[in-house]
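Each chain, letter by letter, is given below.
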Amino acid sequence: MSEEEKNKKPDAGKVFIEELTKGPDKDASLWRRTWQALSVPLLALISGLILGAILIIATSQDVYSLWATSPLEGLKAGWTEVRVSYGALFSGSIGDPARIIAALQSGDGLEIRRAFNPILESLTASTPFIFGALAVALGFRTGLFNIGAEGQLFIGAIFAAFVGYSITGLPAIIHIPLALGAGALGGALWGFIPGWLKAKTGGHEVINTIMMNYIAFRLSDWLLNGPMQRPDSFNPVSPTISESAMLPKFFADPIRFHLGFFLALGVAWLVYWFLFKTRWGFDLRSVGSNPHAARYAGMNIVASTVLAMSLSGALAGLAGTNEVLGLNHNLAMAFSSGYGFDSIAIALLGKNHPLGVVIASLLFGVLRTGAIRMQVAAQIPIDIITVLQAFILAFIAAPAIIRTIYRLREPEIEEEAVSIRGWGGD
Amino acid sequence: MTTAVIERKEIELVSPTRQRVMGIFFLLIGATIWFFFGRSVEAGSVTTFGLVPGGFESTLPDWVLPAPATLNILAAISIFLGGFQVIRGFGRRTNTILGLVAGFFIFGFLTWAAAGKSMNLAGLLNTTLNKAVPLTLGALSGVLCERAGVVNIAIEGMMLAGAMVASLVGSLFGSLWLGLLAGVLVGVLLGLVHAVLSIKYVTDQIISGTVINIFAGGITAFASQKFLQPNQALNDPGIFRPFEIPLLAKIPIIGPIFFNNNLFIYAMFIFMIALHIGLFYTRWGLRLRSVGEHPKAADTLGINVFRTRYMAVLLGGAMAGFAGAYFTIGSVGRFDEFMTAGRGFISLAAMIFGNWTPIGSFGAGLLFGFADSLASKLAILGVQIPSEFLLMTPYVVTMIVLAGVVGRGQMPAADGQPYVKE
């Protein structure tokens, strides 16, 4: 690195691109490197959306009935269906530009809030994804596949909800950090166990974290039907948390946007700093990229594995905590619609880099929020988003497919592929 | 490399730490049987084990045991075995003794749970066998893939897709056999995706499997909401009925439990035995295993590594699709979203527990099936343990098994490693 570059204060976007394009041709222009870094994820997303459109057309009864009379009409109906669906996806997640302009002109506060609600709702929806995907990404960086984010998220939520409702009379400045800490601790505990088992016995974390997921689900079922159930309720719901533990909101109803989003951004920065700027982070990444070399270099594999799984669990725990303290204000059965599982796809989409994770989470927040509107407007089941996710993930994991379809050039050097160690110890 | 691994195993098998830990574990089990079970049953109470397989006249009288005496005997033997293990050690037989003590624990638990009441042991075994079917079939799918060196965590997704398609096609054409065929074919199709991603594109096999799991979960839920729920006629395939095997079904107890079942249970036994013979006694199996152990050596000898792996993964997909079909057209006769409920992952654990062998997988499948059926049985008996905790047991058992057994299991050496021809 030249002296000049060293003195230049790098801005966040540049750092990101440098991180992502490390290696290839350093001399290439910034644009070129940006394209090299982003082409595959971007094209994977576009291809996923195209396949989603095909799925929408292929499962539409209108298209088939019109196709029988005239194929042209059938195609038109298919196009309309896709336009309505993706239109609803957009207006439900970003907002309807015409409505925003009209609201601003009218000057009515409620109407303005309603018009801006979709985009803020998308940010709110992306918050648990940021935490969860950071958890999975941290695991991947250490060569561990944490499928247990979902269970860790539940345990984190249980801890946070308990601290939230059982303590009263604390000022918010103490109560909120306490509840956040409890949530992180719960998740860390749930990540520590499989991490320790992996390090000590070689039991594979994929199986163990899946088992811990089911144990967490059963545990929360039991808690919500017993010790943690709201006394005056027959539903499996915990008591509402104290007001002092609720994450503050920024706007009046119906906007639910809360502090959690900024906390997530802060944590993403912390994870970046930890992974890339500290010795511990360096150790973790070394263990992840080459455990044998790391062992010969005298790094403690056991400690790294346990630390990585605990930290990963803590981050996932925060995802659940965020939902309890920021949105639901209580713990309900099955409150998470698979955030932990979605996080896997998001982490891979973001190339396991904190900034990439944040961008991918925003994308998924947008998709999830928009899908709700799409379900209402076009009767497309929300699960289509899961299918899209699978397509995108497949393309990201096998970039060769994207390169073949779009005739992209092979990168000059080997890419850093995500890989997980096999079943056994090493 | 291989020699080093074997040497390490030999040492660990007789290592003093493992010997002591096992001994203390046996002692703890003995103490638990005595302290928690033996002391809490009332003196003079009896446990009645019924031997009535579902829907049949009992051919044998009930089995009545004095609860306290039985429990004390079980505890005493466990403690004796534990003491012997700590002092002298059973050496190579440690795992057999472990199985025996675990069996004592389960039997002691049943005796305690049903003290003063009656429990239908034969019925429990019957449910166990039924619950073991998808787990064993799924584990066989895993054995096929992993013996050839491809990790298949997509069993769950393949099962789910197989279950849905079997139900849909079965109802659409009014034919269970067509439904079954479709279920198997969709398994093959997903197997092909897994094979292409992990063999051709050298994607990490666990990620490729995750893609299939996510995809199958999404697409089945999508199709279910779009087609099956609004139109219940598309989700009513009926089920394969049980039929008796002549003569064999007349054997007391064993007959009705094993020889009066539906297609899937017989198929499970046939596949298990066929795979065992195929893998270990034929040229086909030797080649498949060699590809999983040392693909480079196999390639040098002229075995087509890629073709062998493709074949193994496609067959594994077919097996998982078949296992999935059991959920709909083999047991409940309708598809529900996410109905496999993680059994694909448990069958993976069963495969590992069964040491990557077909018969071992069946044994492990039975164990998990037993834990599963016990949870529902004990809820009926009104045992003072929340049912959620009983439902957790298979998962906890899996983790303990993984921790205790797998570290030392005989995994195919090249499992999970893509083969790139130089």
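As the structure is a computational prediction, the values presented were derived from the model and not from experiment.

> So what's going on with the overall build of chain A? Residues and values would help.
If you tally the helices and strands in chain A, you get 18 helices and zero strands. The burial tally for chain A puts 50% of its 426 residues in the buried class. Partitioning the intrachain contacts of chain A with sequence separation of at least 6 by distance along the chain shows that 76% fall at a separation of at least 24.

> Give me the nonpolar core: which residues, what numbers.
A:Phe131, A:Ala133, A:Leu134, A:Val357, A:Leu393 and B:Met319 are the most contacted members of the largest nonpolar core, which totals 241 residues. At 14 residues, helix 13 (residues 305-332) of chain B tops the list of elements feeding residues into this core.

> Outline the environment of A:Asp283, listing residues and values.
All names here are of chain A. You can see Asp283 is positioned in helix 12 (residues 279-289). What makes Asp283 buried here is the crowd of 20 C-beta atoms within 10 Å. Through-space distance from the C-alpha of Asp283 to that of Glu205 is 19 Å; in sequence the pair is 78 residues apart.

> Let's hear about the environment of B:Ala69: which residues, and what values?
With respect to the element layout, B:Ala69 can be found in helix 3 (residues 67-87). A C-alpha to C-alpha distance of 9.0 Å links B:Ala69 and B:Ala43, two positions 26 residues apart in sequence.

> Could you give me a rundown of helix 13 of chain B, with the residues and numbers involved?
Residues and elements named next belong to chain B. Taking 1.5 Å of rise per residue, the 28 residues of helix 13 would be expected to cover 40 Å, and the 40 Å separating its terminal C-alpha atoms lies within 8% of that figure. In the structure, helix 13 departs most strongly from a straight axis at Tyr326, where the bend amounts to approximately 40°. The buried fraction of helix 13 amounts to 22 of the 28 residues, a majority that puts the element mostly inside the structure.

> Quick one: what's the story with the interface of chain A and chain B, residue by residue and with numbers?
Facing 41 residues of chain A, the contacting portion of chain B comprises 41 residues. Listed by contribution, the elements that provide at least two residues to the side of chain A that touches chain B are helix 9 (172-201), helix 10 (205-225), helix 15 (339-349), helix 17 (384-397) and helix 18 (399-406) of chain A. Top contributing element to the side of chain A that touches chain B by residue count: helix 10 of chain A, with 10 residues. Residues of the side of chain A that touches chain B, tallied by class, amount to 26 nonpolar, 12 polar and three charged.

> Now, about the environment of A:Ile100: what can you tell me, with residues and values included?
All names here are of chain A. In this fold, Ile100 is placed in helix 6 (residues 97-106). Expressed as a C-alpha distance, the spacing of Ile100 and Glu111, which sit 11 residues apart in the sequence, is 8.7 Å. Ignoring anything within four residues of it in the chain, the contact list for Ile100 reads Gly95, Ala115 and Phe116.

> Could you give an account of helix 8 (residues 205-228) of chain B, with specific residues and numbers?
Because an α-helix completes one turn every 3.6 residues, residues spaced three or four positions apart along the sequence face the same direction. With 24 residues, helix 8 of chain B should reach 34 Å at 1.5 Å per residue; the first-to-last C-alpha distance of 32 Å fits that figure. Burial analysis of helix 8 of chain B places 21 of its 24 residues in the buried class, the great majority of the element.

> Any details on the confidence of the model for chain B? Residues and values, ideally.
All names here are of chain B. Of the residues in chain B, 91% have a pLDDT of 70 or more, and the chain-wide mean is 83. Here residues 1-12 is a poorly scored stretch, pLDDT under 50, and it has four contacts once near neighbours within four places are set aside; other chains count. The complex model carries a pTM of 0.82, and its ipTM stands at 0.79.

Definitions and limits used
Residues numbered from 1 in each chain as written. Chains lettered and ligands numbered in written order. Predicted model: local features only at pLDDT ≥ 70, side-chain atom pairs only at ≥ 80, totals over all residues. Helix = DSSP H or I, 4+ residues; strand = E, 2+ residues; numbered from the N terminus. Buried ≥ 20, exposed ≤ 12 C-beta atoms within 10 Å, placed from the backbone. Contact = placed C-beta atoms within 7 Å. Core = buried A, V, L, I, M, F, W, Y, C linked by C-beta atoms within 7 Å. Expected span 1.5 Å × (residues − 1). Bend = angle between axes of the 7 residues up to and from the residue. Nonpolar A, V, L, I, M, F, W, Y, C, P; charged D, E, K, R; others polar. pLDDT = per-residue confidence, 0-100.

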